[in-house]
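If you want the building blocks of each chain, they are given just below.
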Amino acid sequence: MENKKQRSATRWTTTEMTRMALVTGLYVAVTFALSVISFGAIQIRLSEMFNYLSLYNKRYILAVTLGVALANLASPLGLIDVAVGSISTFLVLSVNAAVTKRVKNMKWKMVITALIFSFSMFTVAGQLTILYQAPFFFNWGIIALGELASMTIGGVLVYWIGKKIDLTK
């Protein structure tokens, strides 16, 4: 039994990889479809709702991170947004998993996740400050509010979907 657990912890099945690819593709598709509001100093990236999937299954940390990297290829900030955005997403999803690990109530997990991700938008504000000399704290506040709006709308959708479909698989 232990050997089977070790193998499943290190290898993904075809079904699991397909689910991960689907999440990655959905992140990219939603970001591109709404690209007019997905990039820039004022952004509401609704694809951020996929961050919540990591609360159901940790494998989605990698899927969402890859989705961010691919979506950010279209970013006006260029390759720096691919690197900073994907590394930041991976780190924040990992920290969020640790912070919410012992929280049993999914609604509270989602509230915590929304707040953590909103706070983490200092990375985007930092990029805008470095590349465009934009005011850091103003941009951080605006981008954090946009993230909070995205996560709130997305949280409602994912919570509702999670009631209808087993997202832990």
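Below: a short report on this structure. Since we're looking at a predicted model, the values are computed, not measured.

**Brief notes about the nonpolar core**
Considering soluble globular proteins, one finds that nonpolar side chains tend to be buried as a cluster. V23, F50, Y52, L53, V64, M110 and V158 are the most contacted members of the largest nonpolar core, which has 26 residues in total. Mapped onto this core, the elements with two or more residues apiece are helix 2 (14–33), helix 4 (53–56), helix 5 (59–71), helix 6 (79–100), helix 7 (106–119) and helix 9 (136–164). It is helix 5 that contributes the most residues to this core, six residues altogether. Setting aside chain neighbours within four positions, we find Y52 in contact with M110, T113, A114, M151, T152, G154, G155 and V158. Counting nine residues, the second-largest nonpolar core is a separate cluster that includes L77, A125, L128 and W140.

**With respect to helix 8 (residues 122–132)**
Each α-helix winds once per 3.6 residues, and so residues spaced three or four apart point in a common direction. Those residues of helix 8 that fall on the buried side of the exposure criterion are T123, V124, A125, G126, Q127 and L128. In this structure, the buried residues of helix 8 make contact with helix 6 and helix 9. In the stretch just after helix 8, Q133 is the one whose phi turns positive, near 55°.

**Comments concerning the packing of aromatic side chains**
For the structure on display, the rule yields seven aromatic pairs. Relative to F50, the ring of Y27 lies with its centre 6.4 Å away and its plane at 55°, an arrangement referred to as tilted. Linking Y27 in helix 2 with F50 in the loop between helix 3 (35–38) and helix 4, this pair joins segments that are 23 residues apart in sequence. With a relative accessible area of 10%, F50 lands in the buried category.

**Some words on the environment of M49**
With respect to the secondary-structure elements, M49 resides in the loop between helix 3 and helix 4. Measuring from C-alpha to C-alpha, the distance between M49 and T15 comes to 22 Å, with 34 residues separating the pair along the chain. Filtering out sequence-adjacent residues up to four positions away, M49 remains in contact with G154, L157 and V158.

**Details of the packing of helix 6 against helix 7**
Orientation of helix 6 relative to helix 7, taken along the N-to-C sense of each, is 145°, at an axis distance of 10 Å. Here the hand of the crossing between helix 6 and helix 7 comes out right-handed. Along the contact surface, helix 6 presents V92, L93, N96, V99 and T100, while helix 7 presents K109, I112, T113, I116 and F117. A breakdown of the residues in the contact of helix 6 with helix 7 according to their chemical character gives six nonpolar, three polar and one charged.

About the thresholds
Residues numbered from 1 in each chain as written. Predicted model: local features only at pLDDT ≥ 70, side-chain atom pairs only at ≥ 80, totals over all residues. Heavy atoms only, no water. Core = buried A, V, L, I, M, F, W, Y, C linked by side-chain atoms within 4.5 Å. Buried < 20%, exposed > 50% of the residue type's maximum accessible area, 1.4 Å probe, protein only. Helix = DSSP H or I, 4+ residues; strand = E, 2+ residues; numbered from the N terminus. Contact = heavy atoms within 4.5 Å. Phe/Tyr/Trp six-rings, centres within 6.5 Å; stacked < 30°, edge-to-face > 60°. Axes fitted to C-alpha atoms, helices over the stretch in contact; angles between N-to-C directions. Left-handed = near helix turned anticlockwise from the far one by under 90°. Nonpolar A, V, L, I, M, F, W, Y, C, P; charged D, E, K, R; others polar.

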